[in-house]
Amino acid sequence: MKIDLNKITIRKVVADYKDSAEEGVVAYGGKLDIRPKYQREFVYKEKQRNAVIETIKNNFPLNVMYWMIREDGGYEVLDGQQRTISIGQYINGDFSMNNRFFHNLTKDEQDKILDYELMIYFCEGTDKERLDWFRIINIAGEKLTDQEIRNAVYTGPWLSDAKLKFSKTNCAAYLLANDGGQLVSGSPIRQEYFETALSWINDDKIEDYMAKHQHDQNADELWEYFQKVIAWVRKTFINYRKEMANVNWGELYNQFEDKKLNATKLETEIKELMQDEDVTKKSGIYAYVLTRVEKYLSIRSFTDRMKREAYERQKGICPKCKKHFEIEDMQADHITPWIKGGKTIAENCQMLCADCNRRKSDV
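Just so you know, these numbers come straight off a predicted model, no measurement behind them. Per-chain numbering applies: the sequence of each chain, read as written, is numbered from 1 onward. Local features are withheld for residues below a pLDDT of 70 in this predicted model, meaning they are given only at 70 or higher, and side-chain atom pairs are given and counted only at 80 or more; totals for whole chains, interfaces and linings count all residues. Just so you know, side-chain values use all the structure's heavy atoms and leave hydrogens and water out.

Trainee: Please give an account of the pattern of salt bridges that cites residues and values.
Mentor: Whenever a carboxyl oxygen of Asp or Glu lies within 4 Å of a side-chain nitrogen of Lys or Arg, that contact is scored as a salt bridge. For the structure on display, the rule yields 22 salt bridges. Between Glu-76 and Arg-70 there is a salt bridge, and its shortest N-O distance comes to 4.0 Å. Ionic contacts of the salt-bridge type, sharing partners, join the residues Arg-11, Lys-107, Asp-111 and Asp-115 into one network.

Rendered as structure tokens:
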């Protein structure tokens, strides 16, 4: 990774500053993408924004910024986006401080701001080097999400098209996943819908998928896959519940899309499980009814009082191996398994030694 430090005046940085809302923000004579289309919208609050301007007015040092050098000779802001936009907005007259806009300042006051030198590192390197470096420098200010960091590295036409489908306010993915009830959690503009779709299609190997498709002309494959997953969910689970927003639908679709499933029968079981007080993770019910793996449900544990009651009742003897153990060397177990109707109550609790409990679980 090659990194060079440069001192550039605000006057040069904000030259031809243009904010096109969700379409991006550019400056530096049109050569700098301050906020490329794939990154987040402006998130600084008024207090944070004003602090940037006050720092510059007082000629105090502002934290260094990082620009990535593109293959076409232009630049993209890796770190410092919010600070740069704050500066651009103030000079552009988008907000005032102490009831004075930039154009209300004297020429000397304006020149003091415009001649302030920003410390900017120019960065060059491979995709992996940029990704690793971006994670290292993302330690202050408004933290970027993992997906925002990936987006800064795997730029290209594929990413631009994917952003239109998954990362805009009221984008197609958001509208589809919320038509009839929310099936995906998070916010599109924070890249959470995009990240979810990528994790679904490639089993959480997001960077591998982005690297493979970086130079594709569109993101149609990802979009078509996302549509299939949502359609399968609506068809398979006929009654919407708010817990469905927190289900890993991609994992279930990839495993069961070709299976013949009885939606009515599934709904009957889901309804019963939703009312079971022993099931502490209701969103896990959807994976459980397909996989029969109890870990998805987080079955309620026996309380310390229940464990002590069972231990005293057994006089510290493991009912399986008939040996005596201290309570801290034993584990609580359902006498009648939960799957067979056993409840997490004192009467259904037994204390087994670790070995016997493990053998029972392995059966």
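Trainee: Run through the nonpolar core, naming residues and quoting values.
Mentor: Residue types Ala, Val, Leu, Ile, Met, Phe, Trp, Tyr and Cys, when buried and joined through side-chain atoms within 4.5 Å, form a set referred to as a nonpolar core. Think of it in three bands: with a 1.4 Å probe and only protein chains considered, a residue is buried below 20% of the maximum accessible area for its type, exposed above 50%, and partly exposed in between. In this structure, Phe-226, Phe-237 and Trp-249 are the most contacted members of the largest nonpolar core, which totals 52 residues. Ranked by residue count, the leading element in this core is helix α11 (residues 220-236), at eight residues. Here a residue-residue contact requires only that any non-hydrogen atoms of the pair lie within 4.5 Å. Beyond its immediate sequence surroundings of up to four residues, Trp-249 is in contact with Leu-183, Trp-200, Val-229, Trp-232, Val-233, Phe-237, Met-244 and Tyr-286. A run of DSSP states H or I qualifies as a helix once it reaches four residues; a run of E qualifies as a strand once it reaches two. Both are numbered from the N-terminal end.

Trainee: Outline the side chain of Asp-111, listing residues and values.
Mentor: Inspection of the secondary structure assignment puts Asp-111 in helix α4 (residues 107-114). With a relative accessible area of 19%, Asp-111 lands in the buried category. In this structure the side chain of Asp-111 is engaged in a polar contact, spanning 2.8 Å, whose partner is the side chain of Lys-107. Any N or O atom pair separated by 3.5 Å or less is treated as a polar contact, with the protein-specific requirement of one donor-capable and one acceptor-capable atom, and with residues adjacent in sequence counted only for side-chain atom pairs.

Trainee: Account for the side chain of Thr-196, with residues named and values stated.
Mentor: Note on placement: Thr-196 falls in helix α9 (residues 192-201). Overall, the relative accessible area of 19% leaves Thr-196 in the buried class. From its side chain, Thr-196 meets the backbone oxygen of Glu-192 in a polar contact 2.8 Å long.

Trainee: Outline the sheet that holds strand β1 (residues 2-9), listing residues and values.
Mentor: We treat two strands as partners when DSSP finds at least two bridges between them. Spatial ordering of the open sheet is given by β1-β7-β5-β6-β4-β3-β2, a layout of seven strands whose pairing is mixed. In this open sheet, the two edge strands, each paired with only one partner strand, are β1 and β2 (18-19). Sheet analysis places strand β5 (residues 65-69) next to strand β6 (residues 75-79), joined by four bridges and oriented antiparallel. Opposite Ile-69, over in β6, you have Tyr-75 as the bridge partner. Contacting β2, β3 (25-27), β4 (32-35), β5, β6 and β7 (117-124), helix α3 (residues 81-91) runs over the sheet at an angle of about 100° to β4. Only the contacting stretch of a helix is used when fitting its axis, a line to C-alpha atoms as for every element, and angles between N-to-C directions run 0 to 180 degrees.

Trainee: Which residues make up helix α2 (residues 46-57), and what are the values?
Mentor: Here a helix's expected span is defined as the number of its residues, less one, multiplied by 1.5 Å. Relative to the 16 Å expected for twelve residues at 1.5 Å per residue, α2 spans 16 Å between its end C-alpha atoms, a close match to the ideal helical length. Buried residues of α2: Arg-49, Asn-50, Val-52, Ile-53, Thr-55 and Ile-56, and no others. For α2, the elements touching its buried residues are α1 (10-13), α3 and α4. In the segment just after α2, Asn-59 is the residue with positive phi, at about 60°.

Trainee: Mind laying out the environment of Ile-345, listing which residues take part and the relevant values?
Mentor: Residue position: Ile-345 is located in the loop between β8 (330-334) and β9 (349-353). Expressed as a C-alpha distance, the spacing of Ile-345 and Tyr-225, which sit 120 residues apart in the sequence, is 44 Å. Aside from chain neighbours lying at most four places away, what touches Ile-345 is Phe-302 and Met-306.

Trainee: Please set out the packing of helix α7 (residues 157-166) against α9 residue by residue, giving values where relevant.
Mentor: Where α7 contacts α9, the two axes come as close as 9 Å, and the packing angle between them is 110°. When the axes of α7 and α9 are compared, the pair comes out roughly perpendicular. Remark: the crossing between α7 and α9 carries right-handed chirality. Along its contact with α7, which presents Trp-158, Leu-159, Ala-162 and Phe-166, the element α9 presents Tyr-193, Phe-194, Ala-197 and Leu-198. Split into classes, the residues belonging to the contact of α7 with α9 amount to eight nonpolar, no polar and no charged. Our angle categories are set so that under 35 degrees counts as roughly parallel, over 145 as roughly antiparallel, 65 to 115 as roughly perpendicular, and the remainder as oblique. Left-handed describes a crossing in which the near helix is turned anticlockwise from the far one by less than a right angle; the clockwise case is right-handed. When residues are grouped by polarity, Ala, Val, Leu, Ile, Met, Phe, Trp, Tyr, Cys and Pro land in nonpolar, Asp, Glu, Lys and Arg in charged, and all others, Gly among them, in polar.

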